[in-house]
Amino acid sequence: MRFSALKVWLVFSLIMLSGLGYLLFAAPSKESLLIGQATHGHHQIELACEACHTTSFGGPEILQNACAGCHQQELDAAHDSHPRKKFTDPRNAELAERLDATKCVTCHAEHQLEQTRDMGVTVAEDVCFHCHEAVGEHRESHEGLSFDTCATSGCHNFHDNRALYESFLVKNSGKPWVDYKAVLPLANSARFLSAKGSSGTYEKNDHQDYAQIKLDWFESSHAGAAVTCVDCHQAAGDAWVEQPNVRACETCHADETYGFVSGKHGMRLAPAIKEQLEPMSPEQARLDFKDSAQDHQLTCASCHDPHKPDLQKAAVDSCLGCHADQHSLAYQTSPHARLWQAELDQVAPENTGVTCASCHMPTIEHKQIVDKETRLRKVSIEHNQSATLRPNEKMIRPVCMQCHSLEFSIDALADEALILNNFNGKPSKHVESVDWALKRETR
Amino acid sequence: MNYMAAQNEVQRDSSDRPTRVVIIGGGPVGMRLANDLAEVGGKFSVTVFSDEDAIPYNRARLSQLLAGQIERQGLDIALVETSFCRLIHRAIVSVDPVERYIIDSAGVQHQYDELVFATGARAFVPSIPGVSLSGVFQFRSLRNTENLLARKVRTRHVVVVGGGLLGVETAVAMNRFQSRVSLVHQSDRLLNRQIDQEASKRLERTLESQGISVFLGKGVRALEGKDDRVQSVRLRDGLQIECDTVILCCGSSPNIEIARQANIRVNRGIVVTDDLRTSAANVYAIGECCEHADQVYGLISPGYDQAKVLANRLQGGDAVYTGSIPQSLLKVLDFPLQTFGEPVDFVRSPYIRETVVKDDSSYLKVVTNQGRILGAIGVGSNEEFDSLYDLYKRSQKLSWIRRASLRLFGRAWPLKDQDNPANWSDNRMVCQCQQVTLQSINQALETGATTLSCLGSSTSAGITCGSCQPILAQILSQSTGKKTVLEPEPLFKSSLAVSIVAALLAVFMLLIPGLQVGDSITDPALLESIWNDKFWKQVTGFSLLGVTAMGLLVSLRKRLKWLSVGGFAYWRFAHVGLGALCAAVLILHTGLHTGENLNRWLVLNFITVLMLGALTSSVIAFSHQFVGRRQQLVRKSWNWLHIIATWPLPMLLIAHIITVYKY
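Residues numbered from 1 in each chain as written. Chains lettered and ligands numbered in written order. Predicted model: local features only at pLDDT ≥ 70, side-chain atom pairs only at ≥ 80, totals over all residues. Heavy atoms only, no water.

### Topic: the overall build of chain B
Per the secondary structure count, chain B includes 20 helices and 27 strands. Burial statistics for chain B: of 663 residues in total, 51% are counted as buried. If you take every contact in chain B between residues at least 6 apart in sequence, the share linking residues at least 24 apart comes to 61%. When the accessible surface of chain B is summed, it comes to about 31,700 Å², and 55% of that surface belongs to carbon and sulfur atoms. (Helix = DSSP H or I, 4+ residues; strand = E, 2+ residues; numbered from the N terminus. Buried < 20%, exposed > 50% of the residue type's maximum accessible area, 1.4 Å probe, protein only. Contact = heavy atoms within 4.5 Å. Areas by Shrake-Rupley, 256 points an atom, 1.4 Å probe, with all protein chains shown as cover.)

Right, here's the structure in full:
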């Protein structure tokens, strides 16, 4: 033999080993290690491996802690009806045996897009059967119902059942389908913010180029609150930042920013993501977007021009600047849009129009009193536009029922065709939950 | 004189008179032409003039005579002595190409119809002080050789100046136990016209191992001596080598003086055209004295080529001489060195590729320009050198595949005559598993082995993996003269069946889309509880690892002697079975999902290995139907594909396991 076989094999092996070593430990992108695409909820951050896989070679608790890190607060707020403690309770050991609901990944396995169903569920839809097999015995109305209808009919939700308590159903039944005099609450949270550490001066960069910006600023609420150039552009220190990022806004608008980074618009900028990710842009998303908007990036300033904050623009135009799915495109011809147009035309009172933001970034009345004299409560805007969509029954209480009856809301949200044409018409589906609740009540 | 001229006129008029060809020079080239013409018979009357007294001899082999490897008679060139051909031992003093006669050293005038210069060359003597001292020799002619042979007995230290082909041969030839030989060469490598640095290094090592000191990159400034006797050689860098004999081997210069005096056009040599004509009518030149296309060849084979062309021309043919391939062969030394073309000092171009194959005992370098061979150097026994030379002579290209094959396997042509075991050398390994050489097999044959099983039991060849059995069968049938029928491998039918199963499973894996989770927990989908269950996923995963590891044992069985328990065929059957099992467990583990990214590579690698394994096994199952090297090669190449495909598998597996537990 003229060549050394051993050498050839050795070189061959070394090349492969170093290639693998590079992919495993040194490659800037971990894409080659991805075992499958992440669900719609996590695909934006699927290459920020350490966000969930926080420690190498950890046990299942590592992943569970990662899930809880982002989602636990929300679950607590929703009074999770299947909390972890229910299954760690020894009395329920038998139930936990059937379905290990102490771990999120039992039902929400990641990187298995081809098996992922609605709400990121990777088990069969009739999973309730494991424990609630005998529900028909106690409730006449549920007898003979198949277990894959528990959630799909808009009755039950594994975690968040606030809109669907039986007493709530009974209490809110029998109202007219729409309250024509309804007025949406007006957000007031920004009004009570103070400009933290405001320098009170905008003279730092008084240059000709900034003349128009200065004029705009004078008319803005930022000027009213004495928030000046340096408060945003030099928030972090002495260096002038041309385009302040989310962190600059967060200084004052902490709640709004928290909402923003909790939803799909801003999750790539969430503090839990240690990797430096670029802000989200439509080209990376899985919905339909305008071609012209593909390269836009999503930060606070994408919807709110910082020099002339315009809530009317942010309510509809900013959304439709990018979103081009069927539901979004149908908005302009919807009854909701007509109300909004009337408000814009000043033929209808303020806050009677229904915008994109009215439903997806609803105004939330808090218990917190912000003005002791008038006992005014804080009303803020939920900037996590995804919060009311997982599942959409979560929209019933804070959004739909501001104007509509409970029955109408449930039916409308169960009608996919109606959602696609942006509620142009009446629901063709009927969910019997209220009927059953009333029937049981009257007995 | 007038009489002769008149006679000439008379004779030229008669058409049946033979053409008078006069050849000046009785060296090997001139003699070759004379003999070629003489063989034709009555058409030519050939006269050869030689200025040496000896019978014509082959100058190219003088170094072998000096080395004592051949006898004087071995050099003789027999002249076909006919009435049409004669040899005259006289020098020529002048030529008259107008009147067509020559005058020899005895003053005799010879008329000619065609005159051929084959005057050759003489040793080039450099113009350095001391070349005329006694003890300074040239080495060109038989007389020189005789002087050197006499000198060889007495000398204590010889310095050979010039490390060309002749210099190296001379140094070796002069090397005896009592005398020291030093070789001084101007260039930084020996044989710098023919070989490269690497080959030169090898040659230098060989020379030094024989006790010859080699001084490279050193020019000679002067030969120094006392009382008209040479005593030392002074080099340009001041080094002084004590010696009693100096042999100048500094190349040659063509003998062109007579031609120049006759107003024939000369440059470095006598200038000839493609039909070997000089500037004078009916005058030709061949051999070392001629210059064709600005090229003066200092070797013998171009002279022979020219003689052949000229012989054809003189007979009225239309052969043309288009130049020769410089080809050389180092004689004398037990160091087979051959070159052809221009393997060194070629014009650089971006398309030039040098393909080198080397090991401790041999070295082969081919220089190609876009596949066209420019030249080659071969040291040691090179199976491919002659084939490359053939290709070069036929101006055929050496494709990149051949070059790659040459570089990787040392062979550009895997299948050819050498595939016949009858042509193999004794120490060639026939059975790689048990390291059995052809020699041991031949010994076994001599002691009466007549069947494959006899051979197996006496030499243990062919009983491990059996892949050399076709060769053994070929050797047996050549030795016994009977057709040897191979026994089918044990279990070949079962192996075939199992490998078909494995292949089918692998195809399923590839073609059937991944299984889905059932729509109801009360009615789980097929295999869901295995591939979609964390516990069983690990069970199947580690089973797969185990099965793969066990499969790899077959490779060890081939290489570790202590593992040779049980016939290899049974091991192979187990291996094939493990392959099928592996495919089945793979399906359980993945649920027919091919995965993404690294996982996909792993699954595809598994499938490739399984498919190639199944194919290899099928080839082996049918291999008893064919005998000989070709069959063995087919079998081997499938096996190699299978092995090469397996190579990434362990590493991908490790990476898979790491990532699964890391994340």
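That was the structure; now back to the text.
### Describing the overall build of chain A
Per the secondary structure count, chain A includes 20 helices and two strands. Residue burial in chain A is summarised as follows: out of 443 residues, 38% are buried. A sequence separation of at least 24 residues applies to 57% of the contacts in chain A between residues at least 6 apart. Counting only carbon and sulfur atoms, one obtains 56% of the accessible surface of chain A, whose full area is about 26,100 Å².

### Quick notes on the pairing of strand 25 (residues 372-379) of chain B
All names here are of chain B. Within strand 25, seven of the eight residues are buried, which leaves the element mostly enclosed by the surrounding structure. Pairing analysis gives five bridges linking strand 22 (residues 337-341) to strand 25, with the strands arranged antiparallel. Along strand 25, the bridge assignment pairs Gln338 with Gly378. The pairing of strand 24 (residues 363-369) with strand 25 spans seven bridges and is antiparallel. When the bridges of strand 25 are listed, Lys365 appears paired with Ile377. Linking two consecutive strands that pair antiparallel, namely strand 24 and strand 25, is a turn of two residues; a positive phi of about 50° is found at Gln370 within it. (Pairing = 2+ DSSP bridges.)

### Points about the interface of chain B and chain A
On the side of chain A, 36 residues touch chain B, which itself brings 37 residues to the contact. Both sides together, the interface formed by chain B and chain A hides about 3,200 Å², and carbon and sulfur atoms give 62% of it. When the buried area of chain B at its contact with chain A is split by residue, Ile521, Lys662 and Tyr663 of chain B rank highest and sum to 22% of it. At the boundary of chain B and chain A, one finds one salt bridge. For Asp519 of chain B, the salt bridge goes to Arg117 of chain A, with nearest N and O atoms at 3.0 Å. Across the contact surface, chain B and chain A share ten residue pairs in polar contact (both at pLDDT 80 or more). Only strand 23 (352-358), helix 10 (400-409), helix 18 (597-622), helix 19 (629-646) and helix 20 (648-662) of chain B provide two or more residues apiece to the side of chain B that touches chain A. (Buried area = accessible area lost by both parts, 1.4 Å probe. Salt bridge = Lys/Arg side-chain N within 4 Å of Asp/Glu carboxyl O. Polar contact = N/O pair within 3.5 Å; in protein donor to acceptor, adjacent residues only side chain to side chain.)

### Observations concerning the nonpolar core
All names here are of chain B. In terms of nonpolar packing, the biggest core is built from 48 residues, with Ile23, Leu33, Val46, Val95, Leu115, Phe117 and Ile286 touching the most fellow members. Ranked by the residues each element gives to this core, the list is headed by helix 2 (residues 28-40), at six residues. Excluding its chain neighbours within four sequence positions, the residues that come into contact with Leu33 are Ile23, Val116, Ile286, Ala307, Leu310 and Ala311. (Core = buried A, V, L, I, M, F, W, Y, C linked by side-chain atoms within 4.5 Å.)

### Some details on the sheet that holds strand 5 (residues 101-104) of chain B
Residue and element names in this part refer to chain B. An order of 4-5-6 is seen for the three strands of this open sheet, with the pairing classed as antiparallel. Edge positions in the sheet fall to strand 4 (92-96) and strand 6 (109-111), since each of these pairs with one other strand and no more. Averaged over all neighbouring strand pairs, the angle between strand axes comes to 20°, with direction disregarded. For strand 5 and strand 6, the ladder comprises three bridges, and the chain directions are antiparallel. Within the sheet, the bridge partner assigned to Ile103 lies in strand 6 and is Gln109. (Axes fitted to C-alpha atoms, helices over the stretch in contact; angles between N-to-C directions.)

### Topic: the sheet that holds strand 3 (residues 85-88) of chain B
All names here are of chain B. In space, the five strands of this open sheet follow the order 3-2-1-7-19, with parallel pairing throughout. Both edges of this open sheet fall to strand 3 and strand 19 (283-285), since each of them pairs with a single strand only. Between one strand axis and the next, the sheet turns through 20° on average, direction left out of account. As paired elements, strand 7 (residues 114-117) and strand 19 share three bridges and run parallel to each other. The residue of strand 19 that forms the bridge with Leu115 is Val283.

### With respect to helix 12 (residues 452-459) of chain B
In an α-helix, one turn spans 3.6 residues; hence positions three or four apart end up facing the same way. Residue and element names in this part refer to chain B. Where helix 12 is concerned, the buried positions are Leu452, Leu455, Gly456 and Thr459. Looking down the long axis of helix 12, one finds its buried residues gathered within 100° of arc, a one-sided arrangement. Turned more than 90 degrees from where helix 12 packs its buried face, Ser453 and Ser457 sit exposed. As for helix 12, its buried residues are in contact with strand 27 (436-437), helix 11 (438-446) and helix 13 (469-480). (Arc of directions from axis to C-beta.)

### Re the packing of aromatic side chains
Within the structure shown, the criterion is met by eight aromatic pairs over all chains. Three or more aromatic residues joined by ring pairs make a cluster, and in this case those are Phe340, Phe385, Tyr389 and Tyr392 of chain B. A cation over an aromatic ring shows up here: Arg397 of chain A above the ring of Phe168 of chain A, its NZ or CZ 4.6 Å from the ring centre. Between Lys426 of chain A and the ring centre of Trp177 of chain A, over which it is positioned, the NZ or CZ distance is 4.1 Å. (Phe/Tyr/Trp six-rings, centres within 6.5 Å; stacked < 30°, edge-to-face > 60°. Lys NZ or Arg CZ within 6 Å of the ring centre and 35° of its normal.)

### Examining the pairing of strand 14 (residues 229-235) of chain B
All names here are of chain B. Bridge count between strand 13 (residues 220-226) and strand 14: six bridges; the pairing is antiparallel. Each residue of the ladder has a partner; that of Leu223, found in strand 14, is Val233. Between strand 13 and the antiparallel strand that follows it, strand 14, lie two residues; Asp227 among them carries a positive phi value of about 55°. Pairing analysis gives three bridges linking strand 14 to strand 15 (residues 240-242), with the strands arranged antiparallel. The partner of Val233 across the bridge, within strand 15, is Ile241. Counted along the chain from strand 14 to the antiparallel partner strand 15, the turn is four residues long, and its residue Gly238 has a positive phi close to 95°.

### Comments concerning unusual backbone geometry
Trans peptide bonds make up most of the peptide bonds, and negative phi angles are found at most residues other than glycine. Of note, the phi angle at Met119 of chain A is positive, near 60°, even though the residue is not glycine. On the basis of relative accessible area, Met119 of chain A is assigned to the partly exposed category, the value being 40%.

### Focus: the pattern of salt bridges
On inspection of all chains with the given rule, the structure shows 23 salt bridges over all chains. Between Glu257 of chain B and Arg122 of chain B there is a salt bridge, and its shortest N-O distance comes to 3.1 Å. Of the two residues, Glu257 of chain B sits in helix 7 (residues 257-261) while Arg122 of chain B sits in strand 8 (residues 121-123), which places them 135 residues apart along the sequence. Looking at Glu257 of chain B, the relative accessible area reads 30%, which means it is partly exposed. By relative accessible area, Arg122 of chain B is classed as partly exposed at 37%. Close ionic contact of Arg234 of chain B with Glu224 of chain B constitutes a salt bridge, the shortest N to O distance being 2.8 Å. With Arg234 of chain B in strand 14 and Glu224 of chain B in strand 13, this pair connects stretches of sequence that are ten residues apart. On the basis of relative accessible area, Glu224 of chain B is assigned to the partly exposed category, the value being 26%. Through salt bridges with shared partners, one network takes in Arg139, Glu166 and Arg440 of chain A.

By themselves these figures say nothing about function.
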